Amino acid sequence: MSTVAIVRCESYDQIAVDAAVHEACLLANMPNVAGKTILLKPNILSDAKEDRSITTNSQVVRSMVRLLKEQGAKRILIGDSPGLQKPSFLPKACGIYEVCTQEGAEWVDFTKQPRLTSIPYTHGKQLPLASILDEVDMVFSLPKFKTHQLMYTTGAVKNLFGLVPNLYKSPCHVQFPTREQFAALMVGIATVVKPSFSLMDGIIGMEGPGPANGRPRHVGLLLASCDALALDYAQATIMGYEPKSIPIIAEGLRRSLGSAPTVYPALDARQLILPDFLRIEMDKKTRFFHSLIIPFLVGKYVRWKVKRERKAPVFLPDPCIQCRKCIDICPANALTMEHKRIIIDPSVCIRCYCCHEVCPASAIAVDEVITS
Ligand code: SF4
Ligand code: SF4
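Everything quoted here is computed from the prediction, not taken from an experiment.

Trainee: Run through the site of ligand 2, naming residues and quoting values.
Mentor: By nearness alone, 13 residues border ligand 2, and Cys320, Cys323, Arg324, Cys326 and Cys359 come closest of all. Tallied by class, residues from the shell around ligand 2 come to 11 nonpolar, one polar and one charged.

See below:
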């Protein structure tokens, strides 16, 4: 039985957020944290100002820390590892580092001596994961309510990919090029990490071309669950998707990572569907085909299919600030800069959209958004 507690919270006023987080966590049967060491994993895709709605809002993180202290947690750690993070990275712009210093939580660096870990459902893939996992009793996933250009939504399960330190992440797109293969990797990581609890910041989410270049969308909700997959299922429902069409949810259900929500003790996601939410367009023609035969396809044929079905990003010269972040993150080495313009080699591009995620200037367009 998977319980997802959804409560209203209309603004980031700290008193209101404290009350809503308290209500959501207790309704969702948050585990007993007394005497435990807890790792909080917010979504800090890039350390951007909070009005861009890229990161889990610091007020939500602050309320979570306060609740854990009130419930007797021994030690509270907070960490994430954005793709282009330097080891000295501190999330100051988004306000989460300030939460650490003011509320007595500790910021942890995931790049320190990560441990190589076998990831299930990936044909023997090993990936480095943050070694802090060995020291904590529980991991709490704190995702943001957002769309995702590649995976349609990002949520409590996908958020755990941040436990793979910085530049180890983007090469995964080369080895797992289809959405289904990448979903299996995400479910495998969540299976290893076993998050004990998830709290999603859906007060102001993101719609359109997320997870970094969409537009903020007031949703006015907090979602909480002990089942990360059920929480993502509820989010997809509210966004207007058929949840089982989201590759991570489909794969998670298939692998028994979690289940569809069976109990909504407060608001019901099915009554909260946003009719005008800007979603990422689904690959309807090939989804069924992929679900049947992708596991049996390898190599060049898969890459050919991906290129045929997904569009390469388009680089817009006017907003580009020539920061080169797209070049640094591109796992396929498909990008160069010539005369202050980014040039893409579409024959090399694997359509992972990592460049789109890290671009700070909305200078990369990916044409896959619809209004429902
Ligand atoms: S150009 Fe962008 S979408 Fe293409 S492979 Fe590089 S990072 Fe991925
Ligand atoms: S990341 Fe964006 S702004 Fe930076 S160089 Fe690439 S396209 Fe230009």
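Next comes the rest of the write-up.
Trainee: Got a sec to walk through unusual backbone geometry? Specific residues and values, please.
Mentor: With the exception of glycine, most residues fall at negative phi, and the peptide bonds are largely trans. Cis geometry is adopted by the peptide bond preceding Pro211, which originates at Gly210 and carries an omega value of 10°. Looking at the element boundaries, Pro211 is found in the loop between strand E10 (197–207) and strand E11 (215–225). Phi is positive for Gln113, close to 40°, though the residue is something other than glycine.

Trainee: So what's going on with the environment of Ala234? Which residues, and what values?
Mentor: Mapped onto the fold, Ala234 is located in helix H6 (residues 228–239). Between the alpha carbons of Ala234 and Pro261 there is a distance of 7.0 Å; along the sequence they are 27 residues apart. Discounting residues that sit within four places of it in the chain, Ala234 has contacts with Val4, Ile6, Leu223, Pro261, Tyr264 and Ala269.

Trainee: Before we move on, could you go through the pattern of salt bridges and cite the residues and values that matter?
Mentor: A complete count under the given rule lists 16 salt bridges for this structure. Asp134 is paired through a salt bridge with Arg115; the nearest N and O atoms lie 2.7 Å apart. With Asp134 in the loop between strand E6 (126–129) and strand E7 (138–142) and Arg115 in strand E5 (residues 115–118), this pair connects stretches of sequence that are 19 residues apart. A relative accessible area of 53% places Asp134 in the exposed class. Between Glu207 and Arg217 there is a salt bridge whose closest N-O contact spans 3.1 Å. Here Arg217 lies in strand E11 and Glu207 lies in strand E10, a separation of 10 residues in the sequence.

Trainee: Account for the side chain of Asp227, naming residues and giving values.
Mentor: Within the fold, Asp227 resides in the loop between E11 and H6. Notably, Asp227 is buried but unbridged: the nearest opposite-charge side chain belongs to Lys244, and the N-O separation is 13 Å. A polar atom in the side chain of Asp227 sits 3.0 Å from the backbone nitrogen of Ala230. Beyond its immediate chain neighbours, meaning those up to four positions away, Asp227 contacts Ser2, Gly258 and Ser259.

Trainee: How would you explain the environment of Pro209 if you had to name every residue and give the values?
Mentor: Looking at where Pro209 falls in the secondary structure, it is placed in the loop between E10 and E11. Separated by 93 residues in sequence, Pro209 and Val302 place their C-alpha atoms 24 Å apart.

Trainee: Could you give an account of the site of ligand 1, naming the residues involved and the relevant values?
Mentor: The immediate surroundings of ligand 1 are formed by Pro313, Cys330, Pro331, Ala332, Leu335, Ile344, Cys349, Ile350, Arg351, Cys352, Tyr353 and Cys355. In the shell around ligand 1, the residues fall into 11 nonpolar, no polar and one charged.

Analysis parameters
- Residues numbered from 1 in each chain as written.
- Chains lettered and ligands numbered in written order.
- Predicted model: local features only at pLDDT ≥ 70, side-chain atom pairs only at ≥ 80, totals over all residues.
- Heavy atoms only, no water.
- Near = heavy atom within 4 Å.
- Nonpolar A, V, L, I, M, F, W, Y, C, P; charged D, E, K, R; others polar.
- Helix = DSSP H or I, 4+ residues; strand = E, 2+ residues; numbered from the N terminus.
- Contact = heavy atoms within 4.5 Å.
- Salt bridge = Lys/Arg side-chain N within 4 Å of Asp/Glu carboxyl O.
- Buried < 20%, exposed > 50% of the residue type's maximum accessible area, 1.4 Å probe, protein only.
- Lys, Arg positive; Asp, Glu negative; His and termini not counted.
- Polar contact = N/O pair within 3.5 Å; in protein donor to acceptor, adjacent residues only side chain to side chain.

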